[in-house]
Amino acid sequence: MEAKKSSFNRMWDWVDTRYRANELIQALLHVEIPRSAKTFYFGGITLFFFIVQAATGILLSIYYQPSPDSAFNSILFIMNNVRFGWLIRSIHAWSANLMVLFCVLHLLRIFFQAAYKKPREMTWVFGVVLLGVTLVFGFTGYLLPWDQRAYWATVVGSEIAGALPIVGGQLLTFLRGGADITAATLTRFFGIHVLILPVTLALVLVIHITMVHQQGLADPKREKVDDQSRKKRLLPFFPNYVLDEMIAWYLMLAGLIVLASVFPGGLEEPADPLRTPEHTKPEWYFLFLYQALKVVPRIIGVTLPIIGGILLLLLPFIDRSPYVELRKRPVALAVGVICVAGIVGFTIWGWLS
Ligand code: HEM
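Everything numeric here is computed off the predicted structure, so don't read it as measured data. (Residues numbered from 1 in each chain as written. Predicted model: local features only at pLDDT ≥ 70, side-chain atom pairs only at ≥ 80, totals over all residues.)

S.K.: Would you explain the overall build of the protein chain in this entry?
M.R.: Looking only at helices and strands, the protein chain has 13 helices and 2 strands in total. Dimensions of the protein chain along its principal axes, counting C-alpha atoms only, are 75 × 60 × 35 Å. Taken across its 353 residues, the protein chain has 26% of its residues classed as buried. In the protein chain, of all internal contacts separated by at least 6 residues, the share reaching a separation of at least 24 is 81%. (Helix = DSSP H or I, 4+ residues; strand = E, 2+ residues; numbered from the N terminus. Buried ≥ 20, exposed ≤ 12 C-beta atoms within 10 Å, placed from the backbone. Contact = placed C-beta atoms within 7 Å.)

The structure is reproduced here in structure tokens:
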């Protein structure tokens, strides 16, 4: 006689007969990845921080009010009156910074391991879009507390966008919703931050991860991109890789809670458009650009990052060398090291000045 199935199994059968769920799970989990692939879990960790951002962002939006009269006070309310509100806000701020950091580390590991080369060109292109969206997340989120720092950093940031040749003026008006930073800017940034960007990031992320899943991870030990001769030693994605990834997520969660508790997110005085503070600095990931703009002519300072972004996007189509090993890619290595050193150097300079 057939054993009685548990209610979960019956429910699962119901789903499976309609949507072939078993096939999907098999396809997702029974992947094997090269044992030599060293991802340092950076991509997965970036995904973890995005999930944290979505969860804490939804909680914050329950109390946040996007208008100049009430935005600042609603943040004060979250910090002082809502239970664990200060912690949720602080986790959201720290996780935003860590998401940018790990996204950049992920990009660097892909670059130095040549994982952007054939057949992963489009995975890289969608990755650059993800980085762009992540940075705009940071820029739009910065204004929402409507304190002095938020207000004046947005003045400086939008002025940089306004200095762009040809489209600058229109871009400035579009960003601010007029000539100045007003209620129109705040509602605009809020809408972009809580609706347009999350939906865009989630969609692009699904494409990005599907591509990674379909192609598997690159083998950094192969000599050339098309090298089929090397016998790869494979490792099951589930449970081996997934368990390691979960350990990385737990460590990140622990670090995040410690950071958010020991260094909670602060708040300056309410925004005052008539009182310019002495020092206005953007978030650390825009500092290199801010510092560069102080020392090079403005037109060069705003055009160079745009050209840099386009070159980054097109990198897999520009770098046609078939080699994977770093010692056979001297030009890529030199360009990569100079760019990283330049950005880190300008960031430190901007920090100290
Ligand atoms: C929100 C941002 C991003 C998330 C959540 C994300 C997520 C992931 C994940 C989970 C993987 C699997 C392997 C790993 O963990 O390294 C991966 C692979 C990959 N990502 Fe990303 N990624 C993001 C941004 C980027 C960026 C900025 C780039 C480069 C411009 C990029 C390019 C790639 C490439 C080429 C692979 C395949 C690597 C290989 O085969 O070894 N990704 N991504």
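S.K.: Is there a simple way to explain the site of the ligand in this structure?
M.R.: Contacts to the ligand come from 29 residues, most closely from Thr39, Gly43, Ala115, Gly127 and Ala218. It is helix 6 (residues 121-143) that contributes the most residues to the shell around the ligand, 7 residues altogether. The residue inventory of the shell around the ligand, partitioned by class, reads 19 nonpolar, 9 polar and 1 charged. (Near = placed C-beta within 6 Å. Nonpolar A, V, L, I, M, F, W, Y, C, P; charged D, E, K, R; others polar.)

S.K.: Could you clarify how one ought to interpret the environment of Thr185 in this entry?
M.R.: Structurally, the position occupied by Thr185 is in helix 9 (residues 183-215). Taking the C-alpha atoms as reference points, Thr185 and Phe174, separated by 11 residues in sequence, lie 8.9 Å from one another. Every residue in contact with Thr185, bar those within four places of it in the chain, is listed here: Leu143, Arg176 and Gly177.

S.K.: What's the story with the nonpolar core in this structure? I'm lost.
M.R.: In summary, soluble globular proteins display a tendency toward joint burial of nonpolar side chains. Ranked by size, the top nonpolar core spans 50 residues in total, and within it Phe49, Met99, Leu144, Trp146 and Ala150 carry the most contacts. Those elements that place two or more of their residues in this core are helix 3 (42-63), helix 4 (71-80), helix 5 (85-112), helix 6, helix 7 (148-162) and helix 9. The biggest single contributor to this core is helix 5, with 13 residues. For Phe49, the residues in contact, after removing those within four places along its chain, are Ser95, Leu98, Met99 and Phe102. Judged by nonpolar contacts, the second largest core, of 6 residues, contains Phe286, Leu289, Tyr290 and Ala292. (Core = buried A, V, L, I, M, F, W, Y, C linked by C-beta atoms within 7 Å.)

S.K.: Just to check I follow, could you spell out helix 6 for this structure?
M.R.: The periodicity of an α-helix, 3.6 residues per turn, causes residues three or four places apart in sequence to face the same way. Its 23 residues give helix 6 an end-to-end C-alpha distance of 35 Å, which sits within 8% of 33 Å, the value for a rise of 1.5 Å per residue. For helix 6, the set of buried residues is Thr123, Trp124, Gly127, Leu130, Thr134, Phe137, Phe139, Thr140, Gly141, Tyr142 and Leu143. Tucked inside the fold, the buried residues of helix 6 contact helix 5, helix 7, helix 9 and helix 12 (298-318). (Expected span 1.5 Å × (residues − 1).)

S.K.: Before we go on, may I ask you to explain unusual backbone geometry in this structure?
M.R.: Trans peptide bonds make up the majority, and among non-glycine residues the majority have a negative phi. In this model, Lys118 is joined to Pro119 through a cis peptide bond whose omega is 5 degrees. As for its position among the elements, Pro119 is in the loop between helix 5 and helix 6. Here the residue pair Phe238 and Pro239 is connected by a cis peptide bond, since its omega of 5 degrees sits within 30 degrees of zero. Structurally, Pro239 is set in helix 10 (residues 237-262). The backbone of Tyr41 shows a phi angle near 60 degrees, a positive value even though the residue is not glycine. The topology assignment puts Tyr41 in the loop between strand 1 (32-34) and helix 3. A tally of 22 C-beta atoms within 10 Å means that Tyr41 is categorised as buried.

S.K.: Explain the packing of helix 5 against helix 10 to me, please; I cannot follow it from the model alone.
M.R.: Between two packed helices, both the angle of their axes relative to each other and the distance between the axes serve to describe the pair. Running from N to C, helix 5 and helix 10 point in directions that differ by 120 degrees, and their axes come no closer than 9 Å. As judged from the angle between their axes, helix 5 and helix 10 are oblique. Like other packed secondary-structure pairs, helix 5 and helix 10 cross with a definite hand, here right-handed. Contacts between helix 5 and helix 10 involve Leu87, Ser90, Ile91, Trp94, Ser95 and Leu98 from the former and Leu256, Leu259, Ala260 and Ser261 from the latter. Of the residues contributing to the contact of helix 5 with helix 10, the split by class is 7 nonpolar, 3 polar and no charged. (Axes fitted to C-alpha atoms, helices over the stretch in contact; angles between N-to-C directions. Parallel < 35°, antiparallel > 145°, perpendicular 65-115°, else oblique. Left-handed = near helix turned anticlockwise from the far one by under 90°.)

S.K.: Explain the packing of helix 6 against helix 12 here, please?
M.R.: As a packed pair, helix 6 and helix 12 sit with axes 9 Å apart at the nearest point and diverge in direction by 175 degrees. By the angle class used here, helix 6 and helix 12 are roughly antiparallel. Across the interface between the two elements, Glu121, Trp124, Val125 and Val128 of helix 6 pack against Leu312, Leu313, Leu315, Pro316 and Phe317 of helix 12.

S.K.: In this structure, what is going on with the environment of Ala55? I would like to understand it.
M.R.: Within the secondary structure, Ala55 sits in helix 3. With 278 residues separating them along the chain, Ala55 and Leu333 place their C-alpha atoms 38 Å apart.

Don't take any of this as a statement about function, it's just geometry.
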